[in-house]
Amino acid sequence: MSPPPARPAGVLLAAGAGRRYGGPKALVRHADGRLLVERAAGMLTGGGCAPTVVVLGAAAAEVRARADLSHAVLVDNPEWAGGMGSSLRAGLAALARTDAPAAVVLLVDLPGVTAAAVRRVARHATADSLVTAGYPAGRRGHPVLLGRRHWPGVTAVAVGDTGARAYLRAHRDEVRVVDCADVADDADLDVPARRTDA
């Protein structure tokens, strides 16, 4: 019998300072009682990702002290203030020595994303895959799956707050969109008025 295929890894981007929000979103408490960083990491793991890498930056020491991330690999991004792109680069670099065929990327401020959505996207994991979740009105969003073959290209263009967006746009014809609207919500927490812990 051949060994089962390697599972995709998870990469949670949780390094931001949340300036417009009023503090790091990783430390916001969700309605279910968990911190957003715990919940999001749990969605990746529960969706079948292994390992799950959590990239920290702003308030990293406080996140480590307060959050239960014992099931995750924690990576510090000293360049977090430069934007999401540096965190994505740090997360992919941390996976370089694994045999993960792909990485499922998730942002910490998307509390409506579920393990079911992660599972749907992760199901298409190969080294050549590019996959995004699909939402109403043609929106493409997280979770996003990046096949290993694409990591160098993504790393080259992941600057500022663009993450993998430029790479996905340049390879639009290769991107599979997986409908997740029935199992997830892509609304992000942007300003304090939408806080889940208010």
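Refer to the structure printed above.
For clarity, every value in this text was computed on a predicted model and none was experimentally measured. (Residues numbered from 1 in each chain as written. Predicted model: local features only at pLDDT ≥ 70, side-chain atom pairs only at ≥ 80, totals over all residues. Heavy atoms only, no water.)

K.L.:
Quick one: what's the story with helix α3 (residues 84–94), residue by residue and with numbers?
P.N.:
Residues spaced three or four apart along an α-helix face the same direction, because each turn holds 3.6 residues. Turning to α3, its buried residues are G85, S86, S87, L88, A90, G91 and L92. Contact partners of the buried residues in α3: β1 (9–14), β2 (52–56), β3 (73–76), β4 (102–107), β6 (139–147) and α5 (151–157). (Buried < 20%, exposed > 50% of the residue type's maximum accessible area, 1.4 Å probe, protein only. Helix = DSSP H or I, 4+ residues; strand = E, 2+ residues; numbered from the N terminus. Contact = heavy atoms within 4.5 Å.)

K.L.:
Explain the nonpolar core residue by residue, including any values.
P.N.:
Membership of the largest hydrophobic core comes to 64 residues, with the highest contact counts inside it found for L12, V37, V54, L88 and L146. Residue contacts for L88: discarding those within four places in its chain leaves L13, V105, L146, V154, A158, G163 and A164. (Core = buried A, V, L, I, M, F, W, Y, C linked by side-chain atoms within 4.5 Å.)

K.L.:
I'd like a description of the sheet that holds β4, backed by residues and values.
P.N.:
Read from one edge of the open sheet, seven strands run β3-β2-β1-β4-β6-β5-β7, paired in mixed fashion. With one partner strand each, in any of the chains shown, β3 and β7 (176–179) form the two edges of the open sheet. Within the sheet, the average angular offset between the axes of one strand and its neighbour, ignoring direction, is 25°. Across five bridges, the pairing between β1 and β2 is parallel. (Pairing = 2+ DSSP bridges. Axes fitted to C-alpha atoms, helices over the stretch in contact; angles between N-to-C directions.)

K.L.:
Pulling in residues and values, what's your account of empty space enclosed by the protein?
P.N.:
Inspection of the entire model under this criterion finds one cavity of 30 Å³ or more. Space inside the largest cavity adds up to approximately 50 Å³. L36, R39, A40, M43, L106, V108, L110, P111 and V113 together form the lining of the largest cavity. Here the element with the most residues in the lining of the largest cavity is helix α1 (residues 36–46); it accounts for four residues. Of the residues that constitute the lining of the largest cavity, the class distribution is eight nonpolar, no polar and one charged. (1 Å grid on protein atoms, 1.4 Å probe; cavity = no way out; pocket = protein on both sides within 12 Å on 5 of 7 lines; lining within 4 Å. Points joined across faces, edges and corners; volume = space filled by probe spheres on them. Nonpolar A, V, L, I, M, F, W, Y, C, P; charged D, E, K, R; others polar.)

K.L.:
Describe the pairing of strand β5 (residues 130–135), listing the residues and the values that go with them.
P.N.:
When you tally the buried positions in β5, you get six out of six residues, the bulk of the element. Pairing analysis gives six bridges linking β5 to β6, with the strands arranged antiparallel. Bridge pairing in β6 places Y135 opposite R139. Between β5 and β6, which follow one another and run antiparallel, lie three residues, and A137 among them has a positive phi close to 65°. Sheet topology note: the β5/β7 ladder contains four bridges and is parallel. Bridging from a neighbouring strand, A133 pairs with V178 of β7.

K.L.:
Help me get a handle on the environment of V183, residues and values and all.
P.N.:
Within the fold, V183 resides in the segment after β7. Exposure remark for V183: the relative accessible area of 22% places this residue in the partly exposed category. Expressed as a C-alpha distance, the spacing of V183 and V118, which sit 65 residues apart in the sequence, is 9.8 Å.

K.L.:
Summarise helix α4 (residues 115–122); cite the residues concerned and give the values.
P.N.:
Burial in α4 covers these residues: A115, A117, V118, V121 and A122. The buried side chains of α4 occupy one side of the element, clustering within an arc of 160° when seen end-on. Elements in contact with the buried residues of α4: α1, β4, β5 and β6. (Arc of directions from axis to C-beta.)

K.L.:
Would you mind going over unusual backbone geometry in detail, with residue names and values included?
P.N.:
Note that the residue after A50, namely P51, is joined by a cis bond; omega there is -5°. Topologically, P51 is positioned in the loop between α1 and β2. Here the amide bond leading from H142 into P143 is cis, since omega sits at 0°, within 30 degrees of zero. Inspection of the secondary structure assignment puts P143 in strand β6. With phi around 55°, A59 is a residue other than glycine that occupies positive phi space. Structurally, A59 is set in the loop between β2 and α2 (60–66). Residue class for A59 comes out partly exposed when judged on its relative accessible area of 30%. Positive phi, close to 65°, is recorded for A137, a residue that is not glycine. Looking at where A137 falls in the secondary structure, it is placed in the loop between β5 and β6.

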